Amino acid sequence: MSLRVSLRHALPGFTLDARFEAPEGVTALFGPSGAGKSTVVLAIAGLVRPDAGRIEVNGRVLLDTDRGIALAAHRRRVGCVFQEGRLFPHLTVRQNLGYGRWFAGRHAAAQPGRVVEMLGIGDLLGRMPADLSGGEKQRVAIGRALLAAPRLLLMDEPLAALDAQRKAGILPYLERLRDETRIPILYVSHAVSEVARLATTVVALRAGRVLRAGPTAELLADPEAVPVLGPRDAGSVLEGRLVAHHEDGLSEVEISGGKLLLPRIEGAPGARVRVRIGAQDVILACLAPQGLSALNILRGEVSALRSGSGPGVIVQLRIGEDSLLARITKRSAAALDLAPGQTCYAIAKSVAVAPADIGGAAPAPLPE
Amino acid sequence: MSLRVSLRHALPGFTLDARFEAPEGVTALFGPSGAGKSTVVLAIAGLVRPDAGRIEVNGRVLLDTDRGIALAAHRRRVGCVFQEGRLFPHLTVRQNLGYGRWFAGRHAAAQPGRVVEMLGIGDLLGRMPADLSGGEKQRVAIGRALLAAPRLLLMDEPLAALDAQRKAGILPYLERLRDETRIPILYVSHAVSEVARLATTVVALRAGRVLRAGPTAELLADPEAVPVLGPRDAGSVLEGRLVAHHEDGLSEVEISGGKLLLPRIEGAPGARVRVRIGAQDVILACLAPQGLSALNILRGEVSALRSGSGPGVIVQLRIGEDSLLARITKRSAAALDLAPGQTCYAIAKSVAVAPADIGGAAPAPLPE
Amino acid sequence: MLDTISAAEWDALRLSLKVSAVAVAASLPLGLLTAHALARWRFPGRQILNGLVHLPLILPPVVTGYLLLLGFGRTGPIGAPLEAWFGIGFAFRWTGAALAAGIMAFPLMVRAIRLSIEAVDPKLEQAAATLGASRPWVWITVTLPLIAPGVVAGGILAFAKAMGEFGATITFVSNIPGETRTLPSAIYAFLQVPGGEGAAMRLVLISVVVSMGALLLSEWLGRRIARRLGGT
Amino acid sequence: MLDTISAAEWDALRLSLKVSAVAVAASLPLGLLTAHALARWRFPGRQILNGLVHLPLILPPVVTGYLLLLGFGRTGPIGAPLEAWFGIGFAFRWTGAALAAGIMAFPLMVRAIRLSIEAVDPKLEQAAATLGASRPWVWITVTLPLIAPGVVAGGILAFAKAMGEFGATITFVSNIPGETRTLPSAIYAFLQVPGGEGAAMRLVLISVVVSMGALLLSEWLGRRIARRLGGT
Amino acid sequence: ADLLVFAAASLGTALERIEADWEARTGSDIAISYAGSSQLARQIELGAPADLFISANGDWMDHLVAGGLIDGQSRRDILGNTLVLIAQGRGAAPHDALAAGAMTARLGEGRLAMALVDAVPAGIYGRAALVSLGLWEEVSDRVAQADNVRAALALVASGAAPLGIVYASDATAQDDVSVIATFPEGSHAPIRYPAALTAGARPEARAFLDHLGSPEAQDIFAQAGFIPAGT
Ligand SMILES: Nc1ncnc2c1ncn2[C@@H]1O[C@H](COP(=O)(O)OP(=O)(O)OP(=O)(O)O)[C@@H](O)[C@H]1O
Ligand SMILES: Nc1ncnc2c1ncn2[C@@H]1O[C@H](COP(=O)(O)OP(=O)(O)OP(=O)(O)O)[C@@H](O)[C@H]1O
Ligand code: MOO
Ligand SMILES: [Mg+2]
Ligand SMILES: [Mg+2]
């Protein structure tokens, strides 16, 4: 396990009592506003001293109130990107970026040039933080944390102020970070979709408690988790292998139960990729459909049905080895006469697998 | 026209030169990070004095540098919700909310109780802003602006820090605000989908210039606008009439070219509603599809095709009086042999029309 | 100890308290205005105003007192008309002692207030403006509460300074028992005679206790207010 | 005007500059430490330290000088061992004048620095810590640059105050030409003899010009630094 | 410096001229520190390296002698002074200002400027003189006490106070005041400026002390309005 957290902390009107473990990779910490996500982040960074708890990163104990251990923030090597940026107002963008690097000394591995380019902040290097727009600030803050060569990266809604394009530009980079370095990332977000493709593990927090935690694919594909994550964010994450790039700009990915055609992803054939398909982006059919613009039609078997209070039903399909969720109306479920064990076809528009939801291959080489 | 803006303002390294007009209702100001959105907002609020320009709200001139008119910020009666909240740290949440009300005097129409309830900040009234989480702060800031009874509401990414649930809870309220009061709203956002259902008008800004501006339905349904708005955000807004509520939780909406079944919307049959259908949520078929879980199948005629640099094609369909956009792969377009004039079927999952994308009927009565 | 304090010494203490309190109270509005002007307004002569405000800090107090005597004395170009037209006399009166103390303490007050004004985020004031508050209202409802710790600190610091002021006061209004004989004047007189140290130190102690009490009060108030504002 | 300044007056000016500069330079590290302790640390006796720092502001300068004389004089409990063991003599030397000036100016310096430390957002320091900076490094790379305007302002204010300090200095180290006769002492000497007012005022003018120059410089520097930090 | 002299500040100008003469004549370097007599005395008490102390205040000299800090043998009065009543302005008509009622009449609403009547020599002498002339009752609540005699002079010179009691030496050189009366010799203790060597004085000090009594030096003092010692 690369990250073990167990915290108890009481604030007036709010008590945090959370415990979770996360393997290597990206752990997504979800929860509504006021759930205590930022409090968890601050405790891990060493900026809030919880009443009691234990924090361990890759076997290194950062905090253990029982044993009286509490590493100072600067010894934790925990990079943070905060909701509010927190750039140093007296330093230029360049100097802000260099700040952590300087202390990282020989650990400082990342090439600043690559990070700067990836974040699109090359033109801002000479500026002072006060002259940046909200999104520009946040991009610089991300760069600064990355360049400090942290052993754990905490990101507290770092992309909230970014536009979709910038977000999409940064996600693949975080992905590579996850895959090629072994830096665990704890990523706080409101929107599962934002990090589902990134996250190895999902931890759902509400009112200071962990509601559910587990591997992303499992959790997202679990119909029981839908009320926790919110129906809009339900969906499944499939693992696959990149097979080929086609002329018309599509890439072919093989999954256990068939193949998918996705908008081009830049990676060498053979690479492993993760694909997220939102439950609401899947249409079901009992007969093999014909003459549709949708390219991805997978054959599977209904393994579970879960209806909530609304008009929707979550249908879990077994497709090869994978689980796929579909969210359809009760009316449709009745019309199709769906029941566990039944064979049916899942239709996903290739483009419904959004660029941000395709993981595994980043558009740019990882900085050294 | 309710809002006319024309601004020229030079900053080191950035020049704003924007001109747009917006009718009553909500105007969405889109653009990537650094486009100058916040600068426009500040100029309208009277907090930045542009080098030159003219601003008129409902016939009232707030600024006219040619005629030497520049109303002071506090006389503009322009409510603002800023990216960073800007709550008064020395006042409780209750006092923050009451601040603008007090100055509004007899104009103060909104019932604080309703606003507080809607924003879910009833439990926070006695707190100081420093003890609020990021999202809580933003909700209070929204309430404060609303309660000042503004004649124009400027919202600079006010929802960026909110979770989907809260967002969904606030949007209907803004919608009512738009429909039942005549307060124009200028809403800054990265994501078209966030406000497409709200916006009467869309203004796309990039690098300080207005790229495109126009009525939302028209602009979103215009394939030419796709590169401006971003392919992920393309989609069409359809106007319809609520026909009936069905037992199974679905509501039926009649549009010019057929009917749609949507997750329940609370409104009386006969009410007018706006529905947004994302271009990527539409599947096309040449033959009338059978045995699908998708309930909404509309027959239409291809009116235009637009292919970009990627693997996608935007197809515009004429459905009754309305325009519908579909984003499909080039491969599918070729397979279906699509061409203008051709009849085809658009399939939209009912649930793909997300609650946040159905406008017109708010779940709660408007505050007096 | 208290029983060894003579009636004359009590008088001096009471007078010092009065003089210092009046000096602070009367100069506070002007101090706020000046601090605000220096912090926020850009006008020609701003640096001159700034220099003038600091003058009493820079000059030897005796010089300040001498200049006050020349300007605000009975025949002075300011003192004479003030007395003739408004009946406001400073010469040899406790009001003059308050004037001297107020002027000597003014730079301290202005600096403290000015720094706290500069620390106020103008974005909050802008937000208040968009909510309909005019300049004066913004100032009263946002700026003033936010600078309250600075104002309290500045005011009490000025009070403490006024309690200790001696050189300018005695030079300007001399030492008239019951009228202008403040604690420091009494202390000085004791120090002039051999063996007067004991009595002087006793008065020093009284003066220190009062001033320290005021300072600690200001710290405490400042922290209370800062806590309300959600600072650390 | 300059040609009417006698050699002795030049000496006094030079001495004043030296004394004030040394006073500020030597007390700056202690001032930073004290300001930091008062702003950030919570320890028993914090209020006592705060009171002590303010003492020179509250006491009549003559009393401060007298206490210095008692403590740091040749036979004083601090002065005697210092001189015996380290050869650091303050009594009747320019170093003593610097000590007196430094102590009198100390509260002003500490207050200015303290306020600017309190205005530093601890979140920035926390961010620096997460980037690997230990406490001292955070202080040097984040806190210090952010408080630079306050430090400059405090330092120069202290310098100006030191330039004008008289009461404590003359009481502690007397008024010895070339050694402890600073400008204000020279001004005093002139004021004590018949017809000396003219000469005194000339020296006052010189002293005001120097101090004002320093203050304006500090304003300018402060604004430059503030602008770099992106303030208004 | 070869010699450090502590001298009452009021001796300033005259002593400077004597110092210059002496230095020119002997080539030795004298440093004179001018401050209030009480300040200087206290400094000597606490180890000041002064060789010679010239006080305006006999009490402080007595105090130091009693403490063994001064070579009592060397003590001598080098100067005297007279006490005068001054008014603002050149050539204010002299009249019998010291007669009963005259002073109060002339004061009107104004104040009588003096040095501190309990603490500073000029004030102490002044009060003694007023008491012996039977005027103290009449003017005591009109007295404004300054911290030293020069400040009292400034009060009159600036017009703040119509009358003041100062030394003749102070009044002499001040342009905008005039002496309207001189207090009779017997009305107060004789005004004396004692000078003495300190306990650790360097040998050269004695010569300079002697020189202060020399006719040349006494002449300079006299020009400054002092009266020779022993007169
Ligand atoms: N100093 C404090 N005193 C009292 N309550 C506090 C304090 N700081 C935070 N809280 C409360 O703790 C809870 C958790 O706050 P936290 O900032 O961790 O939430 P969050 O999940 O990050 O929310 P958001 O998504 O809005 O940022 C909130 O209810 C907040 O009001
Ligand atoms: N004081 C300033 N000096 C120089 N450039 C500035 C200044 N303030 C803003 N800018 C620049 O002006 C441009 C527009 O900034 P603005 O804040 O309006 O962008 P925005 O569209 O609101 O971006 P975001 O979505 O990131 O908030 C940016 O490139 C920014 O760097
Ligand atoms: O020279 Mo004195 O001792 O101030 O009268
Ligand atoms: Mg948070
Ligand atoms: Mg912005």
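Residues numbered from 1 in each chain as written. Chains lettered and ligands numbered in written order. Predicted model: local features only at pLDDT ≥ 70, side-chain atom pairs only at ≥ 80, totals over all residues. Heavy atoms only, no water.

The name given to chain C in an unreviewed UniProt entry is Molybdenum transport system permease, with the source organism recorded as Profundibacterium mesophilum KAUST100406-0324. Looking at chain C in UniProt, the text filed under Function (unreviewed entry) is "Part of the binding-protein-dependent transport system for molybdenum; probably responsible for the translocation of the substrate across the membrane." We quote the UniProt Sequence similarities (unreviewed entry) comment for chain C here in full: "Belongs to the binding-protein-dependent transport system permease family. CysTW subfamily." (UniProt positions renumbered as here; feature names shortened; annotations may be inferred.)

A. Spatial organisation of the overall build of chain E. Counting its secondary structure elements, chain E contains 10 helices and 11 strands. For 231 residues, the compact-globule estimate of 2.2 N^0.38 gives 17 Å, and chain E sits close to it at 18 Å. Dimensions of chain E along its principal axes, counting C-alpha atoms only, are 55 × 35 × 30 Å. Within the span of chain E, comprising 231 residues, buried residues form 59% of the whole. Within chain E, contacts between residues at least 6 apart in sequence are counted, and of these 77% link residues at least 24 apart. With an accessible surface of roughly 8,000 Å², chain E has 52% of that area assigned to carbon and sulfur atoms. Once the 14 positive and 27 negative side-chain charges of chain E are each reduced to a mean point, those two points are 2 Å apart. (Helix = DSSP H or I, 4+ residues; strand = E, 2+ residues; numbered from the N terminus. Rg over C-alpha atoms; globule rule 2.2 N^0.38 Å. Buried < 20%, exposed > 50% of the residue type's maximum accessible area, 1.4 Å probe, protein only. Contact = heavy atoms within 4.5 Å. Areas by Shrake-Rupley, 256 points an atom, 1.4 Å probe, with all protein chains shown as cover. Lys, Arg positive; Asp, Glu negative; His and termini not counted. Charge placed at Lys NZ, Arg CZ, Asp CG, Glu CD.)

B. Structural detail: the interface of chain B and chain A. Across the boundary between the two partners, chain B contributes 52 residues, which contact 52 residues of chain A. Overall, the association of chain B and chain A removes approximately 4,200 Å² of surface from exposure, summing both partners, and the carbon and sulfur fraction of that is 56%. Among the salt bridges present, the one from Asp 248 of chain A reaches Arg 331 of chain B, with a minimum N-O distance of 2.8 Å. On inspection of chain B and its partner chain A, the count reaches 2 residue pairs in polar contact (both at pLDDT 80 or more). Elements with a minimum of two residues in the side of chain B that touches chain A: helix H4 (134–147), strand S14 (258–263), strand S16 (282–285), strand S19 (322–329) and helix H9 (330–336) of chain B. Within the side of chain B that touches chain A, the residues separate by chemical class into 24 nonpolar, 16 polar and 12 charged. (Buried area = accessible area lost by both parts, 1.4 Å probe. Salt bridge = Lys/Arg side-chain N within 4 Å of Asp/Glu carboxyl O. Polar contact = N/O pair within 3.5 Å; in protein donor to acceptor, adjacent residues only side chain to side chain. Nonpolar A, V, L, I, M, F, W, Y, C, P; charged D, E, K, R; others polar.)

C. Broad picture of the environment of Ala 160 of chain B. Inspection of the secondary structure puts Ala 160 of chain B in the loop between strand S8 (152–156) and helix H5 (164–180). Separated by 22 residues in the primary sequence, Ala 160 of chain B and Gln 138 of chain B have C-alpha atoms spaced 8.9 Å apart.

D. Expanded view of the site of ligand 2. Arg 127, Ser 133 and Gly 135 of chain A together with Ser 38 and Thr 39 of chain B are the nearest of the 20 residues found near ligand 2. More than one chain reaches ligand 2: the nearby residues come from chains A and B. Between ligand 2 and the protein, one listed contact pairs an oxygen atom with a backbone N or O atom of Ala 35 of chain B at 3.1 Å. Coverage of ligand 2 by the protein chains reaches 88% of its 640 Å² of free accessible surface. Put simply, the parts of the chain that give the shell around ligand 2 at least two residues each are helix H4 (134–147) of chain A together with helix H1 (37–45) of chain B. Each residue belonging to the shell around ligand 2 can be placed in one class, and the counts come to 5 nonpolar, 10 polar and 5 charged. (Near = heavy atom within 4 Å.)

E. The arrangement of the sheet that holds strand S20 (residues 343–348) of chain A in detail. Residues and elements named next belong to chain A. If you walk across this open sheet you meet the 5 strands as S16-S20-S17-S18-S19, and the pairing is antiparallel. The open sheet has two edge strands with one neighbour each: strand S16 (282–285) and strand S19 (322–329). Neighbouring strand axes in the sheet, compared pairwise and without regard to direction, differ in orientation by 45 degrees on average. By the bridge criterion, 8 bridges tie strand S18 (residues 312–319) to S19 in an arrangement that is antiparallel. Looking at the pairing, Val 315 lines up with Ala 326 of S19. (Pairing = 2+ DSSP bridges. Axes fitted to C-alpha atoms, helices over the stretch in contact; angles between N-to-C directions.)

F. View of the interface of chain D and chain C. With 43 residues of chain D at the interface, the matching set in chain C holds 42 residues. Of the roughly 3,600 Å² buried between chain D and chain C, counting both surfaces, carbon and sulfur atoms make up 74%. For chain D, the biggest contributors to the area lost against chain C are Ile 58, Arg 111 and Glu 219 of chain D; these three give 16% of the whole. Taken together, chain D and chain C are joined by 0 salt bridges. Top element by residues in the side of chain D that touches chain C is helix H10 (residues 197–228) of chain D. It accounts for 11 residues.

G. Representation of the pattern of salt bridges in the model. According to the stated counting rule, one finds 36 salt bridges over all chains in the structure shown. In this structure, the salt-bridge partner of Arg 209 of chain B is Asp 17 of chain B, at a minimum N-O distance of 3.7 Å. Here Arg 209 of chain B, found in strand S11 (residues 209–215), pairs with Asp 17 of chain B, found in strand S2 (residues 14–22); they are 192 residues apart in sequence, far enough to count as distant. Taken together, the shared-partner salt bridges in this structure form one network comprising Arg 4, Glu 21, Arg 54, Glu 56, Asp 64 and Arg 67 of chain A.

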